[in-house]
Amino acid sequence: MDPEHASATGRKRSQRPQRTPREVADELRARIRSGVPAPGRRMPTQARLAEEFGVERGTVRQALRILQSEGLLTNVTKGAPATVAPDLGQALTGPAAPPLPTTVALTSRIAAAFAAPQVVIDALCLTSVSLNLALGEPLREIHAGRMKPAKIDVRVLLPSRDIDLAFPVPVRGHDEDHLVHERWVAQRNAQGQVLQHNLLALRATHGIDVRVRFRALPFTPPVKLYLLNGSEALFAYYTLTRREQEIDHEHLEMYDAEGTRSMLFAFTQGAAARDTTFVEQSHLWFDALWETISSELVLTA
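Rules used throughout
Residues numbered from 1 in each chain as written. Predicted model: local features only at pLDDT ≥ 70, side-chain atom pairs only at ≥ 80, totals over all residues. Heavy atoms only, no water. Helix = DSSP H or I, 4+ residues; strand = E, 2+ residues; numbered from the N terminus. Expected span 1.5 Å × (residues − 1). Bend = angle between axes of the 7 residues up to and from the residue. Buried < 20%, exposed > 50% of the residue type's maximum accessible area, 1.4 Å probe, protein only. Contact = heavy atoms within 4.5 Å. Axes fitted to C-alpha atoms, helices over the stretch in contact; angles between N-to-C directions. Parallel < 35°, antiparallel > 145°, perpendicular 65-115°, else oblique. Left-handed = near helix turned anticlockwise from the far one by under 90°. Nonpolar A, V, L, I, M, F, W, Y, C, P; charged D, E, K, R; others polar. Pairing = 2+ DSSP bridges. Phe/Tyr/Trp six-rings, centres within 6.5 Å; stacked < 30°, edge-to-face > 60°.

We now examine helix α6 (residues 129–143). Relative to the 21 Å expected for 15 residues at 1.5 Å per residue, α6 spans 21 Å between its end C-alpha atoms, a close match to the ideal helical length. The sharpest bend along α6 reaches about 35 degrees and sits at G136, with the proline P138 one to four residues further on. Looking only at α6, the buried set comprises S130, L131, N132, A134, L135, G136, P138, L139 and I142. Buried-residue contacts for α6 involve α5 (102–113), β6 (118–124), β7 (151–159), α7 (177–206) and β10 (223–228). Positive phi appears at G145, one or two residues downstream of α6, with a value of about 80 degrees.

Right, here's the structure in full:
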């Protein structure tokens, strides 16, 4: 916890900048996803949450309303504590589920996809960090013996290391380009190797037929796309921000995108004509990239 100091009125005030309603909502959403509180149970009071996060009650109330708009909470008022939605799974993965941050939406939908006997995942992204995070839950379920698909087939499209990336890039000049680029290459390779290792290990430990393939794109993808079991397409924009990052003991300003927080839009085949067409066209687009202009990708330094 950050240190505190007393104000002129004698009340303690945190040195950290006060959290926004969106940041409070992100933290509470993660708790709800983990089952605390359980579906149908009440949340802590707004006063208690305000004290915990060091914010005004109005900020907490706005955060709760964000989660209510996503179908995760009910009964958000100034009085009684809000209630976690009884059908939480439907709120997170159903056809009417609202767009959610990648870390929330992808995890729940990947877990649902692994319940099928044959798991097929196609991903186009800047790195595979979000996919790695999302695979944690189904991998734990498999190792615990509660889930065992017969086959897993994963294809991942990532930018080539041989291109000039549109992002991440330094804000000033070209002298720092190589630092930012090599940092991205190292992250791309490390995340890809972790993904490959964790999935291929299921062959030896659980006898699952696993195939993991990577190919390199000749461009920087402005969006991320996940295709699950031929029936779902999850789509998000990479929104650029200007931020500071320490690389090799140098503080660099760069334009970059935090993909784990990108809002993920879900389209399900059969939910509506437009959804079905989007899923079908997304598969055609991915297959065309895979079979034409992409090239072999070796995840080494």
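So that's the structure; there's more coming.
What follows concerns the packing of helix α1 (residues 21–33) against helix α3 (residues 57–69). For any two helices packed against each other, one specifies the inter-axial angle together with the distance between the axes. Interhelical geometry of α1 versus α3 gives an angle of 55 degrees and a closest axis separation of 8 Å. On the basis of the axis angle, α1 is oblique to α3. When the axes of α1 and α3 are compared, the crossing they make is right-handed. In this structure, α1 uses P21, R22, V24, A25, L28, R29 and I32 to contact α3, whose residues at the interface are T59, Q62, A63, L64, I66 and L67. For the contact of α1 with α3, the residue count by class is nine nonpolar, two polar and two charged.

Here we take up the sheet that holds strand β13 (residues 250–257). Within the open sheet, the three strands sit side by side as β8-β13-β12. Their pairing is antiparallel. The open sheet has two edge strands with one neighbour each: β8 (169–170) and β12 (240–247). For β8 and β13, the ladder comprises two bridges, and the chain directions are antiparallel. Opposite V169, over in β13, you have Y255 as the bridge partner. Seen against the sheet, α7 touches β8, β12 and β13 and runs at an angle of roughly 60 degrees to β13.

Considering all chains together, one arrives at five aromatic pairs under this definition. Between the aromatic rings of F235 and Y237, the centroid separation amounts to 5.1 Å while the plane-to-plane angle is 85 degrees, which identifies the pairing as edge-to-face. Between F286 and W290, the ring centres sit 6.0 Å apart and the planes meet at 20 degrees, which makes this aromatic pair stacked. With a gap of four residues between them, F286 and W290 both fall in helix α8 (residues 273–291), about one helical turn apart. Both residues of the pair, F286 and W290, count as buried. In this structure an aromatic cluster arises from ring pairing among F235, Y237, F267 and F278.

Remember, this is a structural readout, not a statement about activity or role.
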